[in-house]
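# Residue-level structural notes
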Amino acid sequence: MRRKQSHRTAFVLQGGGALGAYQAGAACRLHAAGIRPDLVAGISIGAINAAFIAGNPPERRAERLTAFWERVSQTTALPGLEGLGPALALTAGVPGFFVPRLPPASVALPGDPARASVYDTAPLRATLEALVDFDLLNDGPVRLVVGAVNVANGNFVWFDSAERRIGPEHIMASGALPPGFAPIEIDGEWFWDGGLVSNTPLARVVETRADHAPLVVWQMDLFSARGPVPHSIWTVEAREKDIRFSSRTRAVTDRMRQMHDLACALHAHADSLPAALKTHPAVAPLLDAPARGPLTLIHLIYRGKPYETGAKDYDFGRAAMRGHWQAGDTDVVRCLSHPMLAGHDPAKPGMHVFDLTVDEHPKENRNDRG
């Protein structure tokens, strides 16, 4: 899996607020293992993490990810109050990320869309400008893709460094989740968090492949389909979020498999297809080499703790952050040491989906992911 000359590597980073520390821990462990991405795609907090990866040279990526998460995580010197992370975030904001808007938006007169939010994300812009080299991000070797939603028409939009220059505003737009954060204006249009429509940018990565080279995707999800039935009202919201967001991820992955299998089947019988069918707009793209190139999808999924509540995605407490970071680190170690992955050839034809961090019966999954 470390032999870069045999395949391309992509990181796909889902949205999930404070849970994004899981992605940072996983990315740093992959870096330590010698795995370098050619492409990084992210939504919301995933877009922010992706910017630190694409916008820094390899030797500084772990340092900058660490600096960001240490900056935005909060600590308290009072013993027994380590669980105040969500309350602190809601009332005081998060250092280097967002602060409460003054005067509150609820008492402000209608006017500027940039002020239509509970919090002001100006600190995030300053953090991005301090920790991300945007010239390298746009002109360097790692392609960056982030997604946002056009507020006026509801359309999903990809900001892709292969097609346009990316600035702090594009990263902020991808994470502008209402009503907490205001929309971001770009070229006269306003954009909100891409997670409102799609929380996983896998489709963009797969469907814009430039060639038929084997592709290995490390998809870092922050919500798990598997989980215990809640036994208290405090854990119901956490489980609801897990199901809501993981179901979208499953739908995207299933669609990718169906399209990949269809492309391979069409190619196998291409000689018997009528000429008119080969050139049909719905068929021709599936006959192209990139559509059927070998694809390996490795799921890294944060599996919440039984005690976590619906506030887990805005718990920026220092202890919670380090726990999420360590979970990402541990899951990468488990994957890389697993014999199924060690024995897998990325050039093997077809699409192969692995979830190797499940405690019971890890396997190459076809239908039961999560």
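Along every chain, residues carry numbers that run from 1 in the direction the sequence is written. Local features in this predicted model are restricted to residues whose pLDDT is 70 or higher, and side-chain atom pairs enter the listing and the counts only when it is 80 or higher, whereas totals over whole chains, interfaces and linings include all residues. Hydrogen atoms and water are omitted, and side-chain values are computed over all heavy atoms in the structure.

Named according to an unreviewed UniProt entry, the protein is NTE family protein originating from Thermomonas hydrothermalis.

### Re the nonpolar core
Quick note on the threshold: Nonpolar core, defined: a set of buried Ala, Val, Leu, Ile, Met, Phe, Trp, Tyr and Cys residues in which side-chain atoms within 4.5 Å join the residues together. Only protein chains enter the area calculation, which uses a 1.4 Å probe; residues under 20% of their type maximum are buried, those over 50% are exposed, and those in between are partly exposed. Secondary structure elements are defined from DSSP: runs of H or I of at least 4 residues count as helices, runs of E of at least 2 residues count as strands, and each element is numbered from the N terminus.
Of all hydrophobic cores here, the largest spans 70 residues; its most connected members are F11, W69, F97, I171 and W218. If one sorts the elements of this core by residue count, helix α2 (residues 45-54) sits on top with 8 residues. Membership of the second largest hydrophobic core comes to 17 residues, among which are V145, L202, V206 and L295.

### Some words on the packing of aromatic side chains
The geometry of an aromatic ring pair comes down to the distance between the two centres and the angle between the two planes. Here is the rule we go by: Stacked, tilted and edge-to-face are the three classes assigned to paired rings of Phe, Tyr and Trp, where Trp is represented by its six-membered ring and a pair needs centres within 6.5 Å; plane angles under 30 degrees give stacked, over 60 edge-to-face, the rest tilted.
Tallied over the full model, the rule gives 14 aromatic pairs. With 5.7 Å between their ring centres and 65° between their planes, Y22 and Y302 make a pair best called edge-to-face. Of this pair, Y22 sits in helix α1 (residues 21-32) while Y302 is found in the loop between β10 (295-301) and α13 (318-336), placing the two residues 280 residues apart along the sequence. In terms of burial, Y22 and Y302 fall into one category: buried. Considering the side-chain rings of Y119 and F181, the 6.4 Å spacing of their centres and the 75° angle between planes classify their relative orientation as edge-to-face.

### Observations concerning a nonpolar patch on the surface
Condition: Residues qualify for a patch when their relative accessible area is over 30% and they have no salt bridge, like charges being joined within 9 Å and the nonpolar side chains of Val, Leu, Ile, Met, Phe, Trp and Tyr within 5 Å. The method behind every accessible area is Shrake-Rupley, applied with a 1.4 Å probe, and residues are considered shielded solely by the protein chains displayed. Salt bridges are defined as contacts in which a side-chain nitrogen from Lys or Arg sits within 4 Å of a carboxyl oxygen from Asp or Glu.
A cluster of nonpolar side chains, contributed by L177, L196 and V197, occupies part of the molecular surface with about 240 Å² of accessible area. Here V197 shows up in the loop between β8 (189-193) and α8 (202-207). Relative accessible area serves as the criterion here: at 42%, V197 is assigned to the partly exposed category.

### Observations concerning the confidence of the model for the protein
Rules: Each residue carries a pLDDT value, the predictor's own confidence for that position, ranging from 0 to 100. Contacts are assigned to residue pairs that have any heavy atoms within 4.5 Å of one another.
Mean pLDDT for the protein: 88, with 91% of residues reaching 70 or above. Contacts from residues 366-370, a stretch scored under 50 in pLDDT, to residues over four places away or in other chains number 18 contacts.

### Looking at the environment of E237
Tracing the sequence through the fold places E237 in helix α9 (residues 233-268). Distance from E237 to V157, taken between C-alpha atoms, is 29 Å for residues 80 residues apart in sequence.

### Overview of α13
Condition: In a helix, the anticipated span is given by 1.5 Å times the number of residues less one.
Taking 1.5 Å per residue as the helical rise, α13 with its 19 residues ought to reach 27 Å, and the 27 Å between its terminal C-alpha atoms agrees with that figure. Inspection of α13 places R318, A320, M321, H324, W325, A327, G328, D329, D331, V332, C335 and L336 among the buried residues, and these make up the whole buried set.

### Regarding unusual backbone geometry
Leaving glycine out, the prevailing phi sign among residues is negative, and the prevailing peptide bond configuration is trans. Here the bond from L102 into P103 is cis, since omega is -5°, no more than 30 degrees from zero. By the element assignment, P103 lies in the loop between β3 (99-100) and β4 (119-120). Going from P178 to P179, the amide bond is cis rather than trans, its omega being -5°. Tracing the backbone shows P179 in the loop between α7 (168-174) and β7 (184-186). With a phi close to 60°, S44 is a non-glycine residue in the positive phi region. Examined against the element boundaries, S44 turns out to sit in the loop between β2 (39-43) and α2. With a phi close to 50°, D187 is a non-glycine residue in the positive phi region. Tracing the sequence through the fold places D187 in the loop between β7 and β8.

### Some remarks on the pattern of salt bridges
Should the charged atoms of two oppositely charged side chains come close, the side chains can pair. Scanning the entire structure with this criterion turns up 19 salt bridges. Close ionic contact of D135 with R165 constitutes a salt bridge, the shortest N to O distance being 3.7 Å. Of this pair, D135 sits in helix α6 (residues 134-139) while R165 is found in the loop between β6 (156-160) and α7, placing the two residues 30 residues apart along the sequence. Relative accessible area serves as the criterion here: at 53%, D135 is assigned to the exposed category. Judged by its relative accessible area of 47%, R165 falls in the partly exposed class. Across the pair R204 and D160 runs a salt bridge, and its minimum N-O distance is 3.0 Å. With R204 in helix α8 and D160 in strand β6, this pair connects stretches of sequence that are 44 residues apart.

### Overview of the packing of helix α3 (residues 58-72) against helix α5 (residues 122-131)
Defined as follows: Comment: axis = line fitted to C-alpha atoms, over the contacting stretch for helices; angle = value between 0 and 180 degrees taken between N-to-C directions. Angular relationships are summarised with four words: roughly parallel below 35 degrees, roughly antiparallel beyond 145, roughly perpendicular across 65 to 115, and oblique for the angles in between. The crossing is said to be left-handed when, going from far helix to near helix, the turn is anticlockwise and less than a right angle, and right-handed when the turn is clockwise. We call Asp, Glu, Lys and Arg charged. Ala, Val, Leu, Ile, Met, Phe, Trp, Tyr, Cys and Pro are nonpolar, and the rest, Gly among them, are polar.
One can describe the packing of α3 onto α5 by two numbers: an axis separation of 11 Å at closest approach and a directional angle of 155°. Relative to α5, the element α3 lies roughly antiparallel. The hand of the α3/α5 crossing is right-handed. When α3 is examined against α5, the residues R64, A67, F68 and R71 are found in contact with a partner set consisting of L124, T127, A130 and L131. Per-class residue counts for the contact of α3 with α5 are 5 nonpolar, 1 polar and 2 charged.

### Overview of α3
This is how it is decided: The arc under discussion is defined with respect to the helix axis, by the directions toward the C-beta atoms.
Taking 1.5 Å per residue, 15 residues should reach 21 Å; α3 reaches 22 Å between its end C-alpha atoms and fits that length. Among all positions of α3, only R61, R64, L65, F68, W69 and V72 are buried. One face of α3 carries all of its buried residues, which in axial projection span an arc of 125°. The secondary structure elements touched by the buried residues of α3 are α1, α2, α5 and α13.

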